[in-house]
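Here's the letter readout for the chains.
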Amino acid sequence: MNAREQKALEIAAKSKIGRKGGKWLVPSQTGNGLRYQVDALVQHCTCPDYETRGQSCKHMFAVEYVIERERSVTQTVSADSTTTTVTETVKLRYKQMWPAYNSAQTNEKAMFLSLLYELCAGVDEPIQTMGRPRLSMADMIFASAFKVYSTVSARRFMTDLKDAFARRYIAKLPCYNSIIGYLEKPELTAYLKQLITQSSLPLKSIETDFAVDASGFSTATYSRWFSAKYGKEMDAHDWIKVHLMCGVKTNVVTSVEISGPSVHDTNMFAPLVNATAKNFDIAEVSADKAYSNKANLTVAENKGIKPYIDFRKNTKPTGKVDVWHRMFHYYQMNREEFYQRYHKRSNVESTFSMIKAKFGGYLRSKTFTAQANEALCKILSHNLCCLIQSAYELGTEATFWEAGLE
């Protein structure tokens, strides 16, 4: 495989190659927004490389790789004792298990309440030494997570909470202001992280490959500043960053960290991997270029994990033989296999999409502590939905607070 074919493999793996009419539109690898037209039938490309050399360029090779990803179905048609073979190109599609999906969706809310109640039942109540008797921590976690799952305001949520109280999911019916107040408590964060971990453990035997990424959640508060460039005051929504690690099969979140918008993704790789490795047997972990450095590769290798982290465009080999050098050598010599494993990372994008589509990509809370707790409630709700879907599709059974699990 020459240099053009290697670059073509990267284009086919990372870029969106569309089709218009009988020609393919391949984006320029320089990221300048240009798209070159490739005619696969007459073997022609509009890029300067092809016009100069008159031979196959990386864009033409990229189109070939895209076509190869499609499955060819051959049909034989007989007419007047003449056999004609017609080849039809069909895109690979993954079949949806509709009966299982429909059952999971129609029973989700009832199962969600049951699983959330069982999960909260294992919460250790904090010791109170003074003041008025507080509401149960288990009840408030249940109410907060259920409120986020409902996606409505705290006041409109009270109808659902009264129904949950009538079914004995909570011992005492709180006021809507109490739910908002408990989201403001810093100690709630540790409880929610613990429950997220516990909610992922029923899928421990299924998940061995994981992916890491971060995404922003918009808030209701604003930042204002004076722009020297435009000579006026400007404002924009504040946002927080959610860093998480998830399994690539069920999209269950196994560890999570919350930070401000200025915290770099690469700093969160080690905490996420270390937290997941306590309870899961990790075979592979994939991440994008933001996590590409020697320290993160070393963290993975020290735990016996194969890291598939993409390398930056300006990466150059070093003379020292270490984990970075070994993975870069593997990346150069086995580019196609590397990207097949690396692109399991797409599942973490799907995880964020699932969370934001179902529970919203914005946060209602006003303070950072409450925003972090609200985001953690979204992830906890997502995990319980993953357990419900897996119960119908994979036949798994959710059992929480087993001995020996952290």
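Everything in this summary refers to the structure shown in the same document. As the structure is a computational prediction, the values presented were derived from the model and not from experiment. (Residues numbered from 1 in each chain as written. Predicted model: local features only at pLDDT ≥ 70, side-chain atom pairs only at ≥ 80, totals over all residues. Heavy atoms only, no water.)

**Here's the deal with unusual backbone geometry**
Okay, so step 1: Backbone geometry places Gln-43, a non-glycine residue, at a positive phi of 55°.
Okay, so step 2: Its location among the elements puts Gln-43 in the loop between β3 (35-39) and β4 (44-45).
Okay, so step 3: For Gln-43, a relative accessible area of 32% corresponds to the partly exposed category.
Okay, so step 4: The phi torsion at Arg-168 lies on the positive side, around 65°, for a residue other than glycine.
Okay, so step 5: Mapping Arg-168 onto the fold places it in the loop between α7 (154-166) and α8 (176-183).
Okay, so step 6: The class for Arg-168 is exposed, based on a relative accessible area of 61%. (Helix = DSSP H or I, 4+ residues; strand = E, 2+ residues; numbered from the N terminus. Buried < 20%, exposed > 50% of the residue type's maximum accessible area, 1.4 Å probe, protein only.)

**Things to note about the packing of aromatic side chains**
Okay, so step 1: This model, assessed by the stated rule, comprises 23 aromatic pairs.
Okay, so step 2: Taken together, a centroid distance of 6.2 Å and an interplanar angle of 65° make the contact between Tyr-308 and Tyr-330 edge-to-face. On the criterion of sequence distance, the pair formed by Tyr-308 in strand β11 (residues 306-309) and Tyr-330 in helix α12 (residues 323-333) is long-range, its members being 22 residues apart.
Okay, so step 3: On the basis of relative accessibility, which here comes to 16%, the residue Tyr-330 falls in the buried class.
Okay, so step 4: Here a set of aromatic residues connected by ring pairs shows up, and it is made of Tyr-308, Phe-311, Trp-324, Phe-328, Tyr-330, Tyr-331, Phe-338, Tyr-339 and Tyr-342.
Okay, so step 5: One cation-aromatic arrangement involves Lys-185 over Tyr-182; the distance from NZ or CZ to the ring centre is 5.2 Å.
Okay, so step 6: Lys-306 extends its terminal NZ or CZ atom over the ring of Tyr-330, reaching a point 5.5 Å from the ring centre. (Phe/Tyr/Trp six-rings, centres within 6.5 Å; stacked < 30°, edge-to-face > 60°. Lys NZ or Arg CZ within 6 Å of the ring centre and 35° of its normal.)

**A short note on the pattern of salt bridges**
Okay, so step 1: Here the structure, examined in full by the defined rule, presents 17 salt bridges.
Okay, so step 2: Note that Lys-109 and Asp-160 form a salt bridge whose closest N and O atoms lie 3.7 Å from each other. Placement of the pair is Lys-109 in helix α5 (residues 108-120) and Asp-160 in helix α7, with a sequence separation of 51 residues.
Okay, so step 3: The exposure class of Lys-109 is partly exposed, given its relative accessible area of 41%.
Okay, so step 4: The salt bridge involving Asp-213 is made with Arg-345; its shortest N-O contact spans 3.2 Å. Residue Asp-213 is located in strand β7 (residues 209-227), and its partner Arg-345 is located in the loop between α13 (335-342) and α14 (346-359); the two are separated by 132 residues in the primary sequence. (Salt bridge = Lys/Arg side-chain N within 4 Å of Asp/Glu carboxyl O.)

**Details of helix α10 (residues 269-277)**
Okay, so step 1: When α10 is considered as a whole, its buried residues turn out to be Phe-269, Leu-272, Val-273 and Thr-276. Buried residues along α10 cover an arc of 95° about the axis, so they all sit on one side. (Arc of directions from axis to C-beta.)

**Comments concerning the side chain of Glu-284**
Okay, so step 1: Residue placement: Glu-284 occurs in strand β10 (residues 284-287).
Okay, so step 2: Classification of Glu-284 by relative accessible area gives buried; the value is 11%.
Okay, so step 3: The contacts of Glu-284, once residues within four sequence positions are left out, are Thr-208, Asp-209, Phe-210, Ile-305, Lys-306, Tyr-308, Arg-341 and Lys-344. (Contact = heavy atoms within 4.5 Å.)

**Brief notes about the pairing of strand β8 (residues 232-247)**
Regular strands show a simple pattern: their side chains alternate between the two faces of the sheet.
Okay, so step 1: Alignment of β7 against β8, held across 15 bridges, turns out to be antiparallel. Note on β8: the bridge partner recorded for Ala-214 is His-243.
Okay, so step 2: Taken together, β7 and the strand that follows it, β8, pair antiparallel across an intervening segment of four residues, in which Gly-231 is found at a positive phi of about 70°.
Okay, so step 3: As paired elements, β8 and strand β9 (residues 253-259) share six bridges and run antiparallel to each other. Across the sheet, residue Lys-241 finds its bridge partner in β9, namely Ser-259. (Pairing = 2+ DSSP bridges.)

**What to know about the sheet that holds β10**
Okay, so step 1: Strand order across the open sheet formed by five strands is β9-β8-β7-β10-β11, with mixed pairing between neighbours. Edge strands, defined here as strands with exactly one partner in the open sheet, are β9 and β11. Ignoring which end each strand starts from, the neighbouring axes of this sheet average 20° apart.
Okay, so step 2: Pairing of β10 with β11 involves four bridges; the strand directions are parallel. Along β11, the bridge assignment pairs Val-285 with Pro-307. (Axes fitted to C-alpha atoms, helices over the stretch in contact; angles between N-to-C directions.)

**Observations concerning the environment of Arg-134**
Okay, so step 1: Along the chain, Arg-134 falls in the loop between α5 and α6 (137-150).
Okay, so step 2: Residues in contact with Arg-134, not counting those within four places in the same chain, are Ile-127, Gln-128 and Tyr-182.

In short, geometric facts, not functional conclusions.
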